[in-house]
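# Commentary on secondary and tertiary structure
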Amino acid sequence: MEARLQKILAQWGIASRREAEEMIRHSRVRVNGVLAHLGQKVDPQKDAIAIDGQPVSKRQRPALIYLLLHKPAGVVSTCYDPHHRPTVLDLLPQELREGSGIHPVGRLDADSTGALILTNDGDLTFGLTHPRHSISKTYRVLVEGHPSEAVLQMWRRGVMLEGRKTRPAKVQLIEYRAEQSFLEIVLQEGRNRQIRRIAQQLGYPVIKLHRTAIGSIQLQTPKEPFLEEGKHRFLKDHEIHFLQEQITQPNY
């Protein structure tokens, strides 16, 4: 049965749909010996698919892997960067980053740090990044100045970005410093650089942004040592189950 090429690659755990599209754009994918194009449909039962000259198939799908990574600043949340910046895959040992199809679920911008999930489960990635699903993500944010309670309340209710209001958020003042403030922010959506753009719009630009948790999956728990920057750990069974539950409970 025919399906779009990027969907097939995601289902096989080769890459997320977004990463598969990037592979196609960069002429890394061929179908029956011919360079693939975006939107192309293939029949995995009949068509021969190759990436970087190497045939791939459903039978070659590697074992499913689920990781939590503590992303440092200066590292991009992608498998390939045309500007040759370090990527999150560069932080993994060779046996994980090569041939497993592992990729990040969602993104943290290059300047931000903290929790990022990586997997080669394409179906899970598609489900978790689809707009109908929304896992809460918790951030510790250092901003310039001292936002008032009225400003924080405005942020909690939602702010207009590009003509569309953001979803309500939890925004809590943690600490005032001399000319800065620490906030804890919990989002149910992940629009591009959302926290940074809102903070700038409200007049309190972000100095540092750190993601501490994705749902119940945390960089530090009472039973786990703190996950240092640049390090990763395998998700526990209950954490994987939590993620799988999220894509069966859509939020409208």
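Provided above is the structure to which this section pertains.
Reference entry: report on the structure contained in this document.

Thresholds, definitions, all that
Counting restarts for each chain: residues are numbered from 1 in the order of the written sequence. Totals for whole chains, interfaces and linings use every residue, but because this is a predicted model, local features are given only for residues with pLDDT of at least 70 and side-chain atom pairs only at 80 or more, for both listing and counting. Side-chain measures were taken over the full set of non-hydrogen atoms in the model, leaving aside hydrogen atoms and water. Secondary structure elements follow DSSP: runs of H or I no shorter than four residues count as helices, runs of E no shorter than two count as strands, and numbering proceeds from the N terminus. We compute the radius of gyration over the C-alpha atoms and compare it with the globule rule, which gives 2.2 Å times the number of residues raised to the power 0.38. The buried label applies to any residue whose accessible area, calculated with a 1.4 Å probe on protein chains only, is under 20% of its type's maximum; exposed applies above 50%, and partly exposed to all values in between. The contact definition used throughout considers only heavy atoms, calling two residues in contact when any of these lie within 4.5 Å. When charges are counted, neither His nor the chain ends are considered; positive counts come from Lys and Arg and negative counts from Asp and Glu. Each charge is placed at NZ for Lys, CZ for Arg, CG for Asp and CD for Glu. Note on pairing: two strands pair once DSSP finds at least 2 bridges between them. For this analysis, a salt bridge means a side-chain nitrogen from Lys or Arg found within 4 Å of a carboxyl oxygen belonging to Asp or Glu. Side-chain atoms alone can form a polar contact between residues adjacent in sequence; in general such a contact is a pair of N or O atoms within 3.5 Å, and within protein one must be able to donate a hydrogen while the other accepts it.

Attention now moves to the overall build of the chain. Counting its regular elements, the chain contains seven helices and 17 strands. For 252 residues, the compact-globule formula gives about 18 Å, and the C-alpha radius of gyration of the chain, at 20 Å, lands near that figure. Structurally, the chain occupies a C-alpha span of about 65 × 40 × 35 Å along its principal axes. Among the 252 residues that make up the chain, the fraction classed as buried is 47%. Residue pairs in contact within the chain that sit at least 24 positions apart in sequence constitute 66% of those at least 6 positions apart. Mean positive and mean negative side-chain charge positions of the chain (36 and 28 charges, respectively) differ by 5 Å.

Let us now look at unusual backbone geometry. A positive phi angle, near 55 degrees, is found at asparagine 32, a position not held by glycine. Following the sequence through the fold, asparagine 32 ends up in the loop between strand S2 (29-31) and strand S3 (34-35). Of note in the backbone geometry, arginine 193 takes a positive phi value of approximately 50 degrees without being a glycine. The topology assignment puts arginine 193 in the loop between strand S14 (180-187) and helix H6 (194-202). Relative accessible area serves as the criterion here: at 38%, arginine 193 is assigned to the partly exposed category.

With that out of the way, let us pick up the sheet that holds S2. Whether parallel or antiparallel, the strands of a sheet pair through hydrogen bonds between backbone atoms. With antiparallel pairing, four strands are arranged side by side in an open sheet as S3-S2-S5-S6. Of all strands in the sheet, those bounded by a partner on one side alone are S3 and strand S6 (54-56).

Overall, the coordinates contain nine salt bridges when judged by the stated rule. Members of the salt-bridge network, linked through shared partners, are Asp109, Arg193 and Arg196.

Once that is clear, we can look at the pairing of S14. Two faces make up the sheet, and in a regular strand the side chains alternate between them. When you tally the buried positions in S14, you get six out of eight residues, the bulk of the element. Judged from the eight bridges that link them, strand S10 (residues 137-144) and S14 form a sheet pairing that is antiparallel. Paired with threonine 138 across the bridge in S14 is valine 186. Bridge count between strand S13 (residues 170-176) and S14: six bridges; the pairing is antiparallel.

Now for the environment of isoleucine 174. Relative to the assigned elements, isoleucine 174 resides in strand S13. Separated by 10 residues in sequence, isoleucine 174 and glutamate 184 place their C-alpha atoms 6.5 Å apart. Sequence-distant contacts of isoleucine 174, that is, excluding residues within four places in its chain, are made with Arg140, Phe182, Leu183 and Glu184.

Residue position: arginine 17 is located in helix H2 (residues 17-25). Using a relative accessible area of 27% as the deciding quantity, one classes arginine 17 as partly exposed. Considered as a pair, arginine 17 and alanine 110 are 93 residues apart in the sequence and their alpha carbons are 21 Å apart. Leave out the neighbours within four places in its chain, and arginine 17 touches Gln6, Lys7, Ala10 and Phe126.

So, on to the side chain of aspartate 109. Mapping aspartate 109 onto the fold places it in the loop between strand S8 (103-104) and strand S9 (113-119). There is a polar contact of 3.0 Å between the side chain of aspartate 109 and the backbone nitrogen of aspartate 111. Excluding residues within four positions of it along the chain, aspartate 109 makes contact with Lys71, Arg193 and Arg196.

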